[in-house]
Every structure is written in structure tokens, then in C-alpha cells.
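Next come the chains, spelled out residue by residue.
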Amino acid sequence: MADYDYDMLVIGSGPAGQRAAIRAAKLGKRSGLIERKAVVGGICINLGTIPSKTLREAVIYLSGYRLRSIYGESYTVKQNITMDDLLFRTDYVVRHEIDVTRHQVQRNGVELINAEASFVDPHTLRLAMVDHSGERIATAANILIAVGTEATRDPKIPFDGQNVFVSDDVLSLKKLPRTLAVIGAGVIGCEYASIFATLGVRVTLIDRAHRLLPFVDAEVIEALDYHLRESRMTLRFGETVSGVELVPNGADSRVKIHLASGKEIVAEKALYSIGRTGATARLNLAAAGLKADDRGRIKVNEHFQTEVPNVYAAGDVIGFPSLASTSLEQGRLAACYAFGIEAKSTPELFPYGIYTIPEISYVGKNEEELTAANVPYESGKASYREIARGQIIGDNIGMLKLLFHRETREILGVHIIGESASELVHIGQAVMSLNGTIDYFVNTVFNYPTLAECYKNAALDGVNRLCG
Ligand SMILES: Cc1cc2nc3c(=O)[nH]c(=O)nc-3n(C[C@H](O)[C@H](O)[C@H](O)COP(=O)(O)OP(=O)(O)OC[C@H]3O[C@@H](n4cnc5c(N)ncnc54)[C@H](O)[C@@H]3O)c2cc1C
């Protein structure tokens, strides 16, 4: 290893890259983290996870959403909410997170290199320095590609970042629209559609599929579907967009969306959200002996190793599940493997959080998967409105469902929709990781009043169903 400049060079400072670079440094290795943007943190901190979740929280607070069931549907904390109101909170959190990340990287002795990297050979990178000081060549025993993704754009669509925009542009919007069309009902499309709808924007959500988020439990999706329609959202399923037209008229410009079925949807703005493409186009992968697929993604084995043994890839650039949480873990595991350190993880039990309004989270299998696999399961449910905490916080719509094996009573899945779903799911995840059964929840005392009590109510419901 002594012949190389670094033991590990990481391309991209998102969750996967940071975690890998820090892990390598903690193992006493010479570790460099290359980032082409002026700030660290990747899409996660600067344009994706953190800003969208902060924007959501600002919308929920300012719109009075949480307390509408108590004070009435017209209750708001602030009337005429503007983009500036929302960005005030978002900017504050993003700045803080960038600072924390930069500090962590520096404190752990990782060299931060502000440059765009591309391959010269499997051990050598060309670094185009962002400060325009020219190019530098750097070599490393191991290289990790953690370049993440970019919003997919169709060249036929007239993107202008304001009227027709992608999720990476949301923070740059100057004005909130009165009407919005969201093309693509994946996780990001659904999240933003529900955030804008909560602000009172009339949203039309369009997708080719015939239901929302097909990988989520059908009963949870039925509930989401109902609440999105309640927020006056129009859902257009089974529709293919054949064209998007910008009809400019100064402040009154409109976007016209043509559907293959012959329908037209007219809105003030359109969010195009049909997926993300791996940011590999400028990496010169061929020089490393690698090739990305047609969505810019790189294939890896279970150790996050590409076909070239010293080149690793982690995070969104390797595809599913494309979450910040799993990217962090992949980065750590890749660095450990590269330096021969044994590291364990339970990837099959990662929780999925979908920050629509209302929020969804789950871990393990859903009813459709268990039915398809002929697993004899039973379910138990609890509604937030039946427990005191649900009433106190004004969440009448939440629901928690436990799925468990009828014979072994082992917990097979936890599915939640409602306030704090993405926090509550970890109780179920812990019990599942320890091979716990439904009886754990029946016999456990929970704080009162809490949403966690739903676990006990759902478990009692499930056990009762076993008796008929
Ligand atoms: C709107 C939105 C909301 C999301 N919400 C959630 C959520 O709630 N929960 C969740 O878990 N996940 C969420 N995600 C997904 C999450 O953001 C990603 O899973 C995560 O950011 C992936 O991390 P990463 O390390 O792969 O790369 P990224 O965070 O994408 O970072 C990659 C970095 O690499 C840099 N880079 C690229 N090419 C080069 C190069 N050649 N040289 C130098 N640097 C380069 C880029 O500038 C970027 O900074 C969301 C994503 C979006 C877009």
C-alpha cells in the first residue's frame, strides 16, 4: 500500500462517502474524501433528505396540520405561507448539518479534497480542482465510488427550474404555486405532492402505475390514498405523460401536460419526478475497466466490490434501496471489507420511512408478500384514535399493524401510517432482530400515554384473532 498516495480515496461526500472515509481514517488509514461541490454532505444534506424533511416539518407546523382535528380544518399558525417562510427553517438546518459533517470529517483526520474526480486507471484519479488551480493526479490502494444520483430529466421536457422543475430545484422556487402537477408517484413525488397539498396547493399526481407505491402494504396505501384525496389531491393512475408544454405568459404562465389517454392537465407548475440516474457519466469508468448500466448504476457484490477488486461502490449509485440510512451502512461495510475488518449488518431488516403527510414506515414483510410465499400469518391492528396519546396529539388517522406467524408467533412485519411512524417502527425492528414473538408486546408495559402503546393493542388484537 505504501506505493500509493492514499490507502482509500472516496469520490462523493454524501452519506456513503463520508462514512467510508471516516471509517478508513479511524482504522489508521490515509483517507481522502473528494467532493465536487463547494459544500460537503451530498444530495442528502443539500438537496434531498434533510431539506425535504425540514420543509415538511415547516409546512406541518405553519399550516397547523397537526392540530386541525382539534381546532377545526381552517386552523393555521400562519396565513399566506411563502417560500421564504419555509426556506428560513430549511437553510438553518442545512447549514448546521453541513457544519457538523465537515467537522466530523476533519476531526477524524480525513483529507477533504474539493475537486471533480475521474478515473485514469483502477488505482489513479484525475482531480479537476474546484478552485480552478488546475488538475492533480492521486493514487490509492482502494477507491470507493459514492457519487450518488441526479434527478432524471427527459430532454424533450422544457425544464426551467421554476415552472417545470425537478426535486433538486424545490429549494430554488421563488413562489409557491396555487396548482401543481406532479409527474411520477414514487417516494419523492408522493412526499412533495403531500407537502404541497398540506399547504393548500391543488395538486394533481400522475403515474403510469395503478396504485401508489406498489412495494408498500396495500392496506397502508389505501389509507394514504384516502388522506391524499381528502387533502383535495387528484390522483391520476394508469396515465402516461406524452408531452409537457410551457405556456409562457409572464407571471401567469402555465404548464400543460398532455396524457397519452388524450387528457390534458393544466397547472401553474409541474414537478417532474420519475426517478434518479447514477452520477457516473463523467467518471470515465472505462479507464477503470468498469461500465455503468443504462440508469448510470454500478454493479457490486455483497462486499460492495465492483468487478475490479480494488474499486468499491456504495450508496445510491448501486441502486436499491437508495436511502441515506442504508448508504451510511454500505459505506462503513465497504471500508471495513477493503481493510480486512469483519463487520456485521442485518440488511434484510432495514426500516423504510416514507415522509408523506401522513408518514409511513415499515419493516419486514407485508401481507401481499407473505400470502405469495404461503406463510401462515395473522395480523393485529391498533388505531391511534383508540389510544389516549392519539387523542392528545390530534392524530385520528394513524394505524399500526403487526404481522406474525400463526404457529411460531414470530413477528414478520410492522406497518405504520401516522405521526412518528418512522420513529415507532424501530421498536418492532428491534424485537424482530432479536427473533421476538407477538407475546413480547402482549406482556410488556409501555409508558402511558404513548403511541408505542399501539404495539400492545395490536398484539392483543392479533392474539384474539388466533382464537376466532
Ligand atoms: C428529495 C429527496 C428526499 C429524500 N428523502 C430521504 C429520506 O427521507 N430518507 C432517506 O433515507 N433517504 C432519502 N433520500 C435519499 C438519500 O438522499 C440518498 O439515499 C443519499 O443521499 C445517497 O447518498 P450517497 O452517499 O449515495 O450520495 P449523495 O448524497 O447523492 O452524494 C453524492 C455526492 O457525490 C458528489 N459527486 C458526484 N460525482 C462526483 C465526482 N465525479 N467527483 C467528486 N464528487 C462527486 C456529488 O456532488 C454529491 O455531493 C432522499 C432523496 C431525495 C432526492
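What this report covers is the structure whose coordinates are included nearby.

Reading the values: the criteria
Residues numbered from 1 in each chain as written. Predicted model: local features only at pLDDT ≥ 70, side-chain atom pairs only at ≥ 80, totals over all residues. Heavy atoms only, no water. Salt bridge = Lys/Arg side-chain N within 4 Å of Asp/Glu carboxyl O. Helix = DSSP H or I, 4+ residues; strand = E, 2+ residues; numbered from the N terminus. Near = heavy atom within 4 Å. Polar contact = N/O pair within 3.5 Å; in protein donor to acceptor, adjacent residues only side chain to side chain. Nonpolar A, V, L, I, M, F, W, Y, C, P; charged D, E, K, R; others polar. Axes fitted to C-alpha atoms, helices over the stretch in contact; angles between N-to-C directions. Parallel < 35°, antiparallel > 145°, perpendicular 65-115°, else oblique. Left-handed = near helix turned anticlockwise from the far one by under 90°. Contact = heavy atoms within 4.5 Å. Buried < 20%, exposed > 50% of the residue type's maximum accessible area, 1.4 Å probe, protein only. Pairing = 2+ DSSP bridges. Right-handed = clockwise from strand over helix to strand, strands pointing away. 1 Å grid on protein atoms, 1.4 Å probe; cavity = no way out; pocket = protein on both sides within 12 Å on 5 of 7 lines; lining within 4 Å. Points joined across faces, edges and corners; volume = space filled by probe spheres on them. Phe/Tyr/Trp six-rings, centres within 6.5 Å; stacked < 30°, edge-to-face > 60°. Lys NZ or Arg CZ within 6 Å of the ring centre and 35° of its normal.

**Quick look at the pattern of salt bridges**
All told, the structure shown has 27 salt bridges when counted by the stated rule. The shortest N-O distance in the salt bridge between Arg229 and Asp225 comes to 2.8 Å. Taken together, the residues span about one helical turn, with Arg229 and Asp225 both in helix α7 (residues 218–230) at a distance of four residues. The network of salt bridges with common partners includes Asp217, Glu219, Glu367, Lys381 and Lys401.

**Describing the site of the ligand**
Inspection of the region around the ligand gives 36 residues, with Glu35, Thr49, Lys53, Asp316 and Ala324 positioned closest. Arg36 places a polar main-chain atom, nitrogen or oxygen, 3.2 Å from a nitrogen atom of the ligand. The backbone of Leu323 places a nitrogen or oxygen atom 3.3 Å from an oxygen atom of the ligand. Contributing elements (two or more residues each) for the shell around the ligand: α1 (15–26), β2 (31–35), α2 (42–46), α3 (49–63), β3 (111–121), α6 (187–198) and α8 (324–338). Of the residues assigned to the shell around the ligand, the class counts are 16 nonpolar, 13 polar and seven charged.

**Quick word on the packing of α1 against α8**
Two elements in contact, α1 and α8, have axes whose closest approach is 7 Å; the angle formed by their N-to-C orientations is 30°. The angle between α1 and α8 falls in the class roughly parallel. Relative to α8, α1 is oriented so that their crossing is right-handed. Here Pro15, Ala16, Gln18, Arg19, Ala20, Arg23 and Ala24 of α1 come into contact with α8, specifically with Ala324, Ser327, Leu328, Gly331, Arg332, Ala335 and Cys336. Residue composition of the contact of α1 with α8, grouped by class: eight nonpolar, three polar and three charged.

**As for the side chain of Asn310**
Relative to the elements of secondary structure, Asn310 occurs in the loop between β15 (276–278) and β16 (311–313). Here the side chain of Asn310 touches Ala141 through a polar contact of 3.3 Å, landing on its backbone oxygen. Not counting chain neighbours up to four residues away, the residues in contact with Asn310 comprise Pro122, His123, Ala140, Ala141, Asn142 and Ile143.

**Some remarks on the pairing of β2**
The buried fraction of β2 is high, at five of five residues. Of the two faces of β2, both are covered, the one formed by Ser31, Leu33 and Glu35 as well as the one formed by Gly32 and Ile34. For strand β1 (residues 6–11) and β2, the ladder comprises four bridges, and the chain directions are parallel. Residue pairing in the sheet places Ile11 in a bridge with Ile34 of β2. Crossover β1 to β2 through α1 is right-handed.

**Here's the deal with the layout of surface pockets**
Any empty space left between atoms is shown by rolling a water-sized probe over those atoms. Its volume calculated, the second largest pocket comes out at about 1,100 Å³. Around the second largest pocket, the lining comprises 41 residues; the ones closest to its centre are Tyr65, Arg68, Glu73, Ala197 and Thr198. Taken together, the elements giving at least two residues each to the lining of the second largest pocket come down to α3, α4 (68–71), α6 and α7. With four residues, the single largest contributor to the lining of the second largest pocket is α7. Residue composition of the lining of the second largest pocket, grouped by class: 15 nonpolar, 14 polar and 12 charged.

**A look at the packing of aromatic side chains**
Per the stated rule, a full pass over the model turns up nine aromatic pairs. Judged by centre distance (5.1 Å) and plane angle (45°), the rings of Tyr71 and Tyr75 are tilted. A relative accessible area of 54% means that Tyr71 is categorised as exposed. Judged by its relative accessible area of 27%, Tyr75 is partly exposed. Ring plane angle 45° and centroid distance 6.3 Å describe the contact between Tyr192 and Phe196, whose orientation is recorded as tilted. Within this pair, Tyr192 and its partner Phe196 are both found in helix α6, separated by four residues, close to a single helical turn. The same class applies to Tyr192 as to Phe196, namely buried. Joined through ring pairs, the aromatic side chains of Phe215, Phe320, Phe350, Tyr352 and Tyr362 make up one cluster. Just above the ring of Phe159 sits the side chain of Arg153; from NZ or CZ to the centre is 5.2 Å.

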